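Breakdown of the fold
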Amino acid sequence: MAGAIINGIVATGTFPAQQIYVFDINPEKCEALKQKAGIQAADSIRQLIEKCNIVFLAVKPQNFAEVLTAVKPAVNEKILFVSIAAGISTQYIVRSLDCGCPVIRTMPNTPLLIGKGATALSRTANVADEDFQLVLSLFSACGTVTVLDESQMNAVISVNSSSPAYIYLFAKAMLDSAVKQGIAADTALQLICQTLEGSAEMLRQPELTPDDLIKMVSSPGGTTLKALDVFYEHHFEQTVDEAMRACTKRAEELGK
Ligand SMILES: NC(=O)c1ccc[n+]([C@@H]2O[C@H](COP(=O)([O-])OP(=O)(O)OC[C@H]3O[C@@H](n4cnc5c(N)ncnc54)[C@H](OP(=O)(O)O)[C@@H]3O)[C@@H](O)[C@H]2O)c1
């Protein structure tokens with residue numbers, strides 16, 4: 001995710017690559033990011049904090065405590081932190097650093113890698129408007145941005161951030177069935193991708209609800225209704241609700 005964000009930042013031209021520093025505990029990953037994006041590598045978290053006034057925290061939630069412990073000795077209130085971690089609250093970051101630093105909490109997704117991300121963001125009250133606009137513009141370079149209240153930042157993971165995996169699972173199941181029914185995999189994949197894109201575009205029409213769109217495909221006595229019957233029999237909607245709630249619950253656990 002850090003690599004995708006760095007590529008996005010470099011693409012905006014907001015900061016010259018020479019002003020962007022990266023630190024990863026794994027020197028090979030650090031070097032690879034440095035080479036790929038033409039940015040600088042810091043030797044330590046401390047050096048990175050001393051060189052930068054906007055710091056992206058892009059490690060797994062499980063590594064947050066150790067990273068914040070390493071950040072703390074060099075921190076000052078002028079540094080803006082941008083976290084992309086699932087479940088980690090801004091209060092946790094502020095408390096761990098024992099510093100009233102401004103913090104922006106973001107929840108991006110992997111389509112960011114191809115400039116089609118959907119990122120949700122919230123901020124602490126002390127983030128300056130111009131700094132928030134700057135960070136919004138960095139994420140906008142790799143997709144859409146949506147500002148939320150922090151109270152929604154755990155639940156939104158199930159909506160935009162983990163959800164690409166549910167879509168891929170659905171696509172994989174469709175692909176497997178298509179192949180079992182004699183359609184070549186590459187042909188089926190093209191048809192499925194175009195159908196996903198077209199359906200997403202239809203969902204964006206403000207005058208049509210998902211129910212309207214389902215009705216448009218469902219001729220009485222036709223094929224679609226037969227397929228939908230199977231989904232309803234297997235409680236498809238409840239399954240999705242249960243899965244999304246499990247996702248949110250895990251985010252809450254990671255934040256403890
Ligand atoms: N993947 C997604 O779809 C997605 C979406 C939204 C948000 N996020 C969030 O993005 C964050 C990063 O996820 P990711 O998938 O990019 O994880 P990742 O590929 O594991 O990247 C994290 C990197 O941080 C390194 N690291 C671990 N401990 C460190 C330390 N103490 N100091 C410096 N670097 C350290 C890791 O090295 P090692 O591999 O050697 O441990 C790894 O290279 C997570 O908090 C996740 O919740 C991910």
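Use the structure listed above.
Numbers given for residues are sequential positions, taken from 1 along each chain in its written order. Per-residue local features are limited, in this predicted model, to residues with pLDDT of at least 70; the limit for side-chain atom pairs, both in listing and counting, is 80 or more; totals at the level of whole chains, interfaces and linings are taken over all residues. Neither water nor hydrogens contribute to the side-chain values; these are computed over all heavy atoms in the structure.

Concerning the overall build of the chain
Keep this limit in mind: The secondary structure listing takes helices from DSSP runs of H or I that are at least 4 residues long and strands from runs of E that are at least 2 residues long, numbered from the N terminus. A 1.4 Å probe rolled over the protein chains alone gives each residue an accessible area, and that area as a share of the maximum for its type sets the label: buried under 20%, exposed over 50%, partly exposed in between. With residues, only the protein chains shown are counted as cover, and all accessible areas are computed by Shrake-Rupley using a 1.4 Å probe. His is not counted, nor are the chain ends; Lys and Arg add positive charge and Asp and Glu add negative charge. Throughout, a charge is located at the NZ atom of Lys, the CZ atom of Arg, the CG atom of Asp or the CD atom of Glu.
Looking only at helices and strands, the chain features twelve helices and seven strands. With the principal axes as the frame, the chain shows a C-alpha extent of 70 × 35 × 30 Å. By the burial criterion, 34% of the 256 residues in the chain qualify as buried. When the accessible area of the chain is evaluated, it comes to approximately 15,400 Å², of which 57% is carbon and sulfur surface. The averaged location of the 27 negative side-chain charges in the chain is 5 Å from the averaged location of its 21 positive side-chain charges.

Some words on the site of the ligand
As a reminder of what qualifies: Residue proximity to a molecule or strand is established when one non-hydrogen atom of the residue lies within 4 Å of it. As used in this structure description, the phrase polar contact means that two N or O atoms lie within 3.5 Å; if the pair is within protein, one of them must be able to donate a hydrogen and the other to accept it, and residues adjacent in sequence are counted only when both atoms belong to side chains. Ten residues, namely Ala, Val, Leu, Ile, Met, Phe, Trp, Tyr, Cys and Pro, are considered nonpolar, four, namely Asp, Glu, Lys and Arg, are considered charged, and the remaining ones, Gly among them, are considered polar.
Not every one of the 20 residues close to the ligand is listed here, only the nearest: D24, K29, V59, E66 and A86. A distance of 3.1 Å separates a nitrogen atom of the ligand from a polar backbone atom of I25. A distance of 2.8 Å is found between an oxygen atom of the ligand and a side-chain nitrogen or oxygen belonging to K29. Burial of the ligand by the protein chains amounts to 74% of its free accessible area of 890 Å². Classifying every residue of the shell around the ligand gives 13 nonpolar, three polar and four charged.

Focus on the packing of aromatic side chains
Short version of the rule: Under the pairing criterion, centres of Phe, Tyr and Trp rings, with the six-membered ring standing for Trp, must be within 6.5 Å; the plane angle then separates stacked pairs below 30 degrees from edge-to-face pairs above 60, leaving the rest tilted.
One pass over the full model with this rule turns up four aromatic pairs. A ring pair is formed by F56 and F139, whose centres lie 6.1 Å apart and whose planes are at 40 degrees; its orientation type is tilted. With F56 in strand β3 (residues 54-57) and F139 in helix α6 (residues 129-140), the pair connects residues that are 83 residues apart, well separated along the chain. When the centroid spacing of 5.1 Å and the interplanar angle of 55 degrees are considered together, the rings of F231 and F236 count as tilted.

Some remarks on the state of the cysteines
Quick reminder of the rule: When two cysteine sulfur atoms lie within 2.5 Å, the pair is treated as a disulfide.
The full count for this structure, using the stated rule, is zero disulfides. In this structure C30 is not part of a disulfide, and its nearest cysteine sulfur, from C52, lies 12 Å away. According to the relative accessible area criterion, C30 is buried, its value standing at 6%.

Things to note about the side chain of E150
This is how the line gets drawn: In this analysis, two residues are considered to be in contact whenever any of their non-hydrogen atoms come within 4.5 Å of each other.
Tracing the backbone shows E150 in the loop between β7 (143-147) and α7 (155-161). Residue classification places E150 among the buried positions, given a relative accessible area of 18%. A polar contact is formed between the side chain of E150 and the side chain of R105, at a distance of 2.9 Å. Those residues in contact with E150 that lie beyond four places of it in its chain are S89, T90, Q91, R105 and S122.

What to know about the packing of helix α4 (residues 64-71) against helix α5 (residues 90-97)
Here is the rule: Only the contacting stretch of a helix is used when fitting its axis, a line to C-alpha atoms as for every element, and angles between N-to-C directions run 0 to 180 degrees. For this classification, under 35 degrees means roughly parallel, over 145 means roughly antiparallel, 65 to 115 means roughly perpendicular, and everything else is oblique. Note: crossing handedness is left-handed where the near helix turns anticlockwise from the far helix by less than a right angle, and right-handed where it turns clockwise.
Between α4 and α5, the shortest axis-to-axis distance is 9 Å and the interhelical angle comes to 45 degrees. For the element pair α4 / α5, the angle class is oblique. Crossing of α4 against α5: the hand is right-handed. Across from F64, A65, L68 and V71 in α4, the residues of α5 making contact are Y92, I93, S96 and L97. The class makeup of the residues in the contact of α4 with α5 is seven nonpolar, one polar and no charged.

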